[in-house]
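Topology and contacts: notes
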Amino acid sequence: MREETGTTHRGEDWYAEELVGARFTSCTFTDVDLTEATIRGSVFTDCRFERCAFNASVHESTAYVTCTFSGCNLFDSTWEGCKLSGSAFERCTTRPLRVVGGQWRGVSLRGANLSGQDLTGLDLRDADLSLADLSGAVLRDCGLGGALVRETDLRRADLRGATLEGVDLREAQLAETRLDLAGAVLLAELSGAIVD
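Residues numbered from 1 in each chain as written. Predicted model: local features only at pLDDT ≥ 70, side-chain atom pairs only at ≥ 80, totals over all residues. Heavy atoms only, no water.

**Re the state of the cysteines**
Counted only if it meets this: For the purposes of this analysis, a disulfide is any pair of cysteine sulfur atoms at a distance within 2.5 Å. For every residue, the accessible area obtained with a 1.4 Å probe (protein chains only) is divided by the maximum for its type, and the residue is called buried under 20%, exposed over 50%, and partly exposed between those limits.
Enumeration according to the criterion identifies zero disulfides in this entry. The thiol of C142 is not disulfide-bonded; the next cysteine sulfur, from C82, is found 15 Å away. Judged by its relative accessible area of 1%, C142 is buried.

This is the structure we're talking about:
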């Protein structure tokens, strides 16, 4: 099993690499090509990815805990059952990508373009979605409790079944946004209405 702590990888070719059960702690990856890589059952903790290519990569049951992705390309990547708690995406190409379940609690997707993406069932509690483009996105049954949505574009997004405790939808851009009864009541109450 591959285990590394505090190492730096720069300009390396990891094309179609297969990492299973690997552990990386406080490592830095700069300009690393992970195109079509498969990363399964691995753990990355406090790692930094700068300008890395994750195009068409597959991530399964892998944890990226308090990691930073800066200027990375996630085009056509798949994230299935992954844990990205406390991680941050900065200036990354984030669509299209495929997300199947997982826990992205406390993740920062500030300013990210996730328009039209299907994020059904994703745990995004306490996430920073400020300034993100989620127009037309499917957020059905997502855990969104405590998420920041300041100036988030939620036009035509589907929020039915999503948990919205502590979310101030008044700060988001809403138009043709689909809400279930609980979401509609929450929005009405936030706007000063009394629902009885």
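Following the structure, the description resumes.
**Remarks on unusual backbone geometry**
Going by this rule: Numbered from the N terminus, helices here are DSSP runs of H or I no shorter than four residues, and strands are runs of E no shorter than two.
A cis geometry characterises the amide bond from R95 onward to P96, with omega recorded as -5°. If you check the backbone angles, A56 has positive phi at about 60° while not being a glycine. Along the chain, A56 turns up in the loop between strand 8 (48-50) and strand 9 (58-60). At L131, a position not held by glycine, the phi torsion is positive, near 65°. Tracing the chain through its elements places L131 in the loop between strand 14 (97-100) and helix 1 (181-190). Overall, the relative accessible area of 43% leaves L131 in the partly exposed class.

**Digging into the sheet that holds strand 4 (residues 23-25)**
Test applied: Whether two strands pair comes down to DSSP finding at least two bridges between them. Every angle, taken between N-to-C directions, lies between 0 and 180 degrees, and every axis is a line fitted to C-alpha atoms, over only the stretch in contact when it is a helix.
Within the open sheet, the four strands sit side by side as 1-4-7-10. Their pairing is parallel. At either end of the open sheet lies a strand with only one pairing partner, and these are strand 1 (3-5) and strand 10 (63-65). The mean angle between the axes of side-by-side strands here comes to 5°, regardless of whether they run parallel or antiparallel. Where strand 7 (residues 43-45) and strand 10 come together, three bridges link them in parallel fashion. Bridge pairing in strand 10 links F44 to Y64.

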